[in-house]
Amino acid sequence: MKIEKRVLLTTMPMPDEGYWDNFRRDTQRRVFTYSFPRINSFGLRFLKYNIPKIGILEYPTHDEYVQALEKGYDIVGYSFYVNEIDEIIGMIKTAKRARRDVEIWGGNYGALTPGIEEHFDELMIGYGEERIAAKLGLKIDRIRHPPLIWYVQTSFGLKINPVGILFTTRGCPLRCDFCQTPSFCSKPQKITLESIKEVIEIYRERGIREVIIYDENFSLFPKHTRKVIELLAQSGIHWFCMTTVDHLSRNWREWYEMNMLGAFIGIESFSQDTLASMNKITMDASDTVDFVKEVHEFIYLLGFFIIGYEGDTGRSVTDDVNTLRGLKLDHTQIRILTPLPRTPLWDDIEDSYGIFERDWSRYDTMHLVWNHPHFEPDELRKLLIRSLLKCHPRTYLVRSQLKFARRFTSERGFFRAGLYLLKNMWRANTLDYTSR
Ligand code: SF4
């Protein structure tokens, strides 16, 4: 007789502040900032939705985790990133104390970390639904997209807007030097239109009117992209996407007409040589600056930027950050160049300069972990914090809100736009975000 194995999958624990929030980290402010809390785990939600018999825990407290372990799961799996590995190892020890023969799995980008194999019975690289289902003797006909609902809130806790998260593809075939995605999943897979339709319908039923398309690189499959945005436009849903500057510049007018509100784009550097050396498929740096200036009054723009390239000095970073600030992006995510495991950058930096940091928690892109020719770690970190503050003046919230207000007013008139924003706020504060 086949014995059914019971599986629990979990993320790392809840942080002391009660939630993870990249927005606060980006702005370095506790007030005069939005917050966009990470309230559920995309990966675990996909797994649970497609394999309902597994148990999941998302950012549990220590007590919740210990109580779950008391149920005596046969397998405990951890979804984590490289900088979370120490906490995960602590959690594994707790699981083994609760049950000595528990089987340990690991997944997500953290599974790419070298030297962690001894802690796990199985490490899974890539999206794991089919692999886990097969291990449990199940078969998945098509990947179904779970509802993933987050919210944007003010620093005083008032929620402004509920947001649905949407994946139209997962994975990326490009080879940007610094990025782990091609090692994690180099063959992007489409989420079927059928699954996308289902989740959009759920969002509509729950009153969600805005979604963020969280594909690593939206618009990889032009026909699929086109069908998805037609669906969103027909459903009356506005949307944001994460895409390359190049894709955005070619498509933004059409996308704008089809309800796009904004985009998250990788600017990464203003040096053409640096962009070329990291294999980033993008536009000429000066064209990017011109393009951003052209579109920023129409759409919300979040830009990703990296400092601490090998040629960077205090002067060059200050100049770049001044240029970046001049772009008046709605949000600017600046990070320190970090060689991550299984990226070409890792090998290049190790060979040319050496990677000194052995504490994985510092691989959070907020710390210098390698022997930079011009910076000490503390010096670059201070420069990073100053740069983030500089790019997020206290007025930045008002600027973005006015942009949304203008857009909705142009679409529906002043009073209906106001009503729409109020309704969104009401929904944001009354939705049940825990429901799956
Ligand atoms: S396009 Fe984006 S996801 Fe793809 S390799 Fe480059 S940085 Fe990574």
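This structure is a prediction, so every number in the text was calculated from the model and none was measured.

A.B. asks: Outline the sheet that holds strand β5 (residues 103–107), supporting the account with residue identities and numerical values.
C.D. replies: The parallel open sheet is built from five strands, whose spatial order is β3-β1-β4-β5-β6. Looking at which strands have only one partner, the edges of the open sheet turn out to be β3 (55–57) and β6 (122–124). Adjacent strand axes in the sheet meet at a mean angle of 20 degrees when their direction is disregarded. Pairing analysis gives three bridges linking β5 to β6, with the strands arranged parallel. In the sheet register, G106 faces β6, and the bridge partner there is L123. Contacting β1 (7–10), β4 (75–79) and β5, helix α4 (residues 85–98) runs over the sheet at an angle of about 170 degrees to β4.

A.B. asks: I'd like to hear about the domain arrangement of the chain, residue by residue, with values.
C.D. replies: When the domains of the chain are assigned, the result is domain 1 (7–135) and domain 2 (149–423). On a C-alpha basis, the centroid separation for the pair domain 1 and domain 2 is 24 Å. Taken together, the 36 residues of domain 1 in the interface contact 50 residues of domain 2. Of the roughly 4,200 Å² buried between domain 1 and domain 2, counting both surfaces, carbon and sulfur atoms make up 63%. A per-residue breakdown of the area domain 1 buries against domain 2 is headed by Y34, F36 and Y127, which together make up 19% of the total. Joining domain 1 to domain 2, the criterion identifies three salt bridges. Between R170 and E129 there is a salt bridge, with the nearest N and O atoms lying 3.0 Å from each other.

What counts as what
Going along each chain's sequence as written, the residues are numbered from 1 onward. With pLDDT at 70 or above as the cut-off, local features in this predicted model cover only qualifying residues; side-chain atom pairs require 80 or more to be listed or tallied, and sums for whole chains, interfaces and linings still use all residues. Note: side-chain values were computed over all heavy atoms of the structure, leaving out hydrogens and water. Two strands qualify as a pair provided DSSP detects at least 2 bridges between them. Going along the chain from the N terminus, every DSSP run of H or I of four or more residues is numbered as a helix, and every run of E of two or more is numbered as a strand. Think of each axis as a best-fit line through the C-alpha atoms, taken over the contacting stretch in the case of a helix, with angles from 0 to 180 degrees between the N-to-C directions. Should any heavy atoms of two residues lie within 4.5 Å, those residues are considered in contact. Here the limits of each domain have been adopted from an automatic or database domain assignment. When two parts are put together, the accessible area they lose, computed with a 1.4 Å probe and summed over both, is reported as buried area. Any Lys or Arg side-chain nitrogen located within 4 Å of an Asp or Glu carboxyl oxygen qualifies as a salt bridge.

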